[in-house]
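What follows is each chain in one-letter form.
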Amino acid sequence: MKIAMVGTGYVGLVTGTCFADSGNQVTCVDINAAKVAALQEGKIPIFEPGLEELVVRNSEAGRLLFTTDLAAAVKDAELVYLGVGTPQGDDGAADLSALWAVVDGLAPHLQPDAAVVIKSTVPVGTNAQAYARLKELTGRECHVASNPEFLKEGAAIDDFMKPDRVVVGVRDEKVGEKLRRLYAPFLRTEKPFLVMSPESAELTKYVANAMLATKISFINTMANLTEKLGGDINDVRRGIGHDSRIGFSFLFPGVGYGGSCFPKDVRALEAMFARAGIDPVMLQAVDKINEEQKSTLLEKINDYYSDDLAGKTFAIWGLAFKPRTDDIREAPALVLIEKLLAAGAKVRVHDPEATENVAAIYGDKLIYCDLPLETLEGADALAINTEWAEFRQPDMNEVKRLLSAPVIFDGRNLYDCATMKDLGFTYYSIGRQTVRP
Ligand SMILES: NC(=O)C1=CN([C@@H]2O[C@H](COP(=O)(O)OP(=O)(O)OC[C@H]3O[C@@H](n4cnc5c(N)ncnc54)[C@H](O)[C@@H]3O)[C@@H](O)[C@H]2O)C=CC1
Ligand SMILES: O=C(O)[C@H]1O[C@H](OP(=O)(O)OP(=O)(O)OC[C@H]2O[C@@H](n3ccc(=O)[nH]c3=O)[C@H](O)[C@@H]2O)[C@H](O)[C@@H](O)[C@@H]1O
């Protein structure tokens, strides 16, 4: 199939590349000329494992092109995918200005039988609005489908190639069949292709993200309780997870969820509740718990230093909102950095991929280190925000030697409490009792 993929961010680039990899002819369009120029040279503007090889391979095979020319990409396309950003607007609802700019721009060039497919996460009713807008602009009925995306950053290729399910929202069965054919190569293990109304598809995406965010805020709340009352949240997590009705996934306590999606999607769903006249009390709680959780390491640090952080130096491991990505949007680490700097502390940081993005914001306010152990030199304590694999088994004797005092604030529960006690650390973690030597 000939496909135009408009918006080549995390989702658009992965979607376009994976469709090209299964033999389709894909033209990726982006408004950002520098990004397009880099992609034309096979340079990937983001860190996403496996993506660069796939982009280069499909570009070399001539199946994957990059352009800023929307009209040229749309005029030959059977499917025009929209993957532009839908960030949080000032009122909390999704800001759809990029999406409408693309709809307006593509309308004069859309083939009569082509379908516009909304891949971006958009509020219920957006598909219907796009349908009406295209009808007005073209003077005819155009196909508009919804096909929300469930990939995770850091595992995006695998998630896209082996989805748990594919959801499409269509008005016209033929469009549904075309999308079923498009996805067939990715669904060979009998994973479901679910066809529903555009409204249900739009809502499915938000409900999925809100459910996952709720699980995280739920376990974080329980972790805060275990810290105060006694017990170990990891044991509690195991205790509940073996109940197959509950399960284990997305129940790791931590420093709160970040990223470009959970925070904005929970708030956009809240806005949809408000629009429907229903009090979004549960989602507000999920969001509030998460915002507070982002300060949990700072609270522990203040506890240890009796609120006097001026002149102290902290080493921070992990800046990205999660491992295997360079994305720092809404990353909990940024909240910690901000508060440590405001309290007069010095901050030395290390992240395997996200340092450049953080340096673009903080410049010389931070000290950037290439290696985890280097971060510890002259530091009073270590704070961990992201569970990159390389932080899991450091040489603890070296860690102890390099730090001016053996103190760790672990926001991801990477280490065993009893072992840390034996090694002589003061070790704060999430939902477990603080270890003191
Ligand atoms: N990042 C993720 O893991 C996931 C994101 N989503 C959703 O997918 C959508 C896209 O998200 P990301 O890829 O993360 O965003 P992004 O911000 O990484 O990429 C958006 C791209 O759209 C381009 N763009 C903006 N206006 C344009 C225009 N008028 N014409 C052409 N290109 C334009 C931007 O230059 C940018 O390259 C959002 O709705 C998001 O909620 C859904 C699932 C996963
Ligand atoms: O709509 C989206 O953009 C995507 O949002 C999330 O994907 P992503 O934000 O890339 O990353 P996750 O792995 O879901 O992690 C999100 C945040 O939750 C945190 N998290 C995750 C799991 C957990 O058990 N505990 C926890 O604190 C992570 O550290 C991270 O900050 C969803 O998992 C995807 O299905 C969805 O497509």
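Bear in mind the structure is a predicted one, so any value in this text is a computation, not a measurement.

## Quick notes on the site of ligand 1
Consideration 1: Surveying the vicinity of ligand 1 reveals 26 residues, the closest of which are Gly7, Gly9, Thr86, Ser120 and Thr121.
Consideration 2: Counting residues per element, the ones that place at least two in the shell around ligand 1 are helix H1 (10–21) and helix H5 (97–106).
Consideration 3: Classifying every residue of the shell around ligand 1 gives 11 nonpolar, 11 polar and four charged.

## Quick notes on the sheet that holds strand S11 (residues 367–368)
Either a parallel or an antiparallel arrangement is found when strands of a sheet pair, and the pairing is made through backbone hydrogen bonds.
Consideration 1: Taken together, the six strands give an open sheet; going across it, the order is S11-S10-S9-S12-S13-S14, and neighbouring strands pair in parallel fashion. Two strands in the sheet have a free side with no partner beyond their single neighbour: S11 and strand S14 (426–428).
Consideration 2: In this sheet, strand S12 (residues 381–384) lies alongside strand S9 (residues 313–317) in parallel orientation, the contact comprising four bridges. For Phe314, the partnering residue across the bridge sits in S12 and is Ala381.
Consideration 3: Helix H14 (residues 332–342) rests against S9, strand S10 (346–350) and S12 of the sheet, and its axis sits at about 175 degrees to S9.

## Topic: the UniProt feature "active site" (unreviewed entry) in the protein
Consideration 1: Mapped onto the present numbering, the UniProt feature "active site" (unreviewed entry) falls on Cys261.
Consideration 2: Within the secondary structure layout, Cys261 lies in the loop between helix H10 (233–241) and helix H11 (262–275).

## Overview of the UniProt feature "binding site: substrate" (unreviewed entry) in the protein
Consideration 1: Per the UniProt entry, the sites bearing "binding site: substrate" (unreviewed entry) are Phe150, Leu151, Lys152, Glu153, Lys205, Phe250, Leu251, Phe252, Pro253, Gly254, Gly258 and Lys322 in this numbering. A maximum C-alpha distance of 23.7 Å is found for the annotated residues, which run over 173 residues; spatially they are spread out rather than grouped.
Consideration 2: Note that Glu153 resides in the loop between strand S6 (143–146) and helix H7 (156–161).
Consideration 3: Residue class for Glu153 comes out buried when judged on the 25 C-beta atoms lying within 10 Å of it.
Consideration 4: With near-sequence residues (within four places) excluded, Glu153 lies in contact with Tyr10, Glu48, Gly259, Thr325 and Asp327.
Consideration 5: Examined against the element boundaries, Pro253 turns out to sit in the loop between H10 and H11.
Consideration 6: Exposure remark for Pro253: the 28 C-beta atoms within 10 Å place this residue in the buried category.
Consideration 7: The residues touching Pro253, leaving out its near neighbours within four places in the chain, are Ile219, Asn220, Ala223, Ile233, Asn413, Ile430 and Gly431.

## Describing the nonpolar core
Consideration 1: Counting 75 residues, the largest nonpolar core has Ala4, Val6, Val80, Tyr81, Leu82, Val116 and Val117 as the members making the most contacts within it.
Consideration 2: Among the elements that line this core, the one with the most residues is helix H9 (residues 198–229), at eight residues.
Consideration 3: Each of domain 1 (2–196) and domain 2 (206–292) contributes no fewer than three residues to this core.
Consideration 4: Apart from the residues within four sequence positions on either side, Val117 is in contact with Leu79, Val80, Tyr81, Leu82, Ala145 and Asn147.
Consideration 5: Counting 44 residues, the second-largest nonpolar core is a separate cluster that includes Ala354, Ala383, Phe425 and Tyr427.

## Here we look at the site of ligand 2
Consideration 1: For ligand 2, the set of nearby residues contains 20 residues, the closest of which are Glu153, Phe252, Tyr257, Gly259 and Cys261.
Consideration 2: Among the elements that line the shell around ligand 2, the one with the most residues is H9, at three residues.
Consideration 3: Looking at the shell around ligand 2 residue by residue, the class counts come to 11 nonpolar, five polar and four charged.
Consideration 4: Residues lining the shell around ligand 2 come from more than one domain, with at least three contributed by each of domain 1 (2–196) and domain 2 (206–292).

## Here we look at H1
Consideration 1: Helix length check: H1 (12 residues) gives 16 Å between terminal C-alpha atoms against 16 Å at 1.5 Å per residue, within 8%.
Consideration 2: For H1, the tally of buried residues reaches 12 of 12 residues, placing the bulk of the element in the interior.
Consideration 3: Taken residue by residue, H1 has Tyr10, Val11, Gly12, Leu13, Val14, Thr15, Gly16, Thr17, Cys18, Phe19, Ala20 and Asp21 as its buried positions.
Consideration 4: Phi turns positive one or two residues past the end of H1, at Gly23, with a value near 100 degrees.

So, how was this worked out
- Residues numbered from 1 in each chain as written.
- Chains lettered and ligands numbered in written order.
- Predicted model: local features only at pLDDT ≥ 70, side-chain atom pairs only at ≥ 80, totals over all residues.
- Near = placed C-beta within 6 Å.
- Helix = DSSP H or I, 4+ residues; strand = E, 2+ residues; numbered from the N terminus.
- Nonpolar A, V, L, I, M, F, W, Y, C, P; charged D, E, K, R; others polar.
- Pairing = 2+ DSSP bridges.
- Contact = placed C-beta atoms within 7 Å.
- Axes fitted to C-alpha atoms, helices over the stretch in contact; angles between N-to-C directions.
- UniProt positions renumbered as here; feature names shortened; annotations may be inferred.
- Buried ≥ 20, exposed ≤ 12 C-beta atoms within 10 Å, placed from the backbone.
- Core = buried A, V, L, I, M, F, W, Y, C linked by C-beta atoms within 7 Å.
- Domains from an automatic or database assignment.
- Expected span 1.5 Å × (residues − 1).

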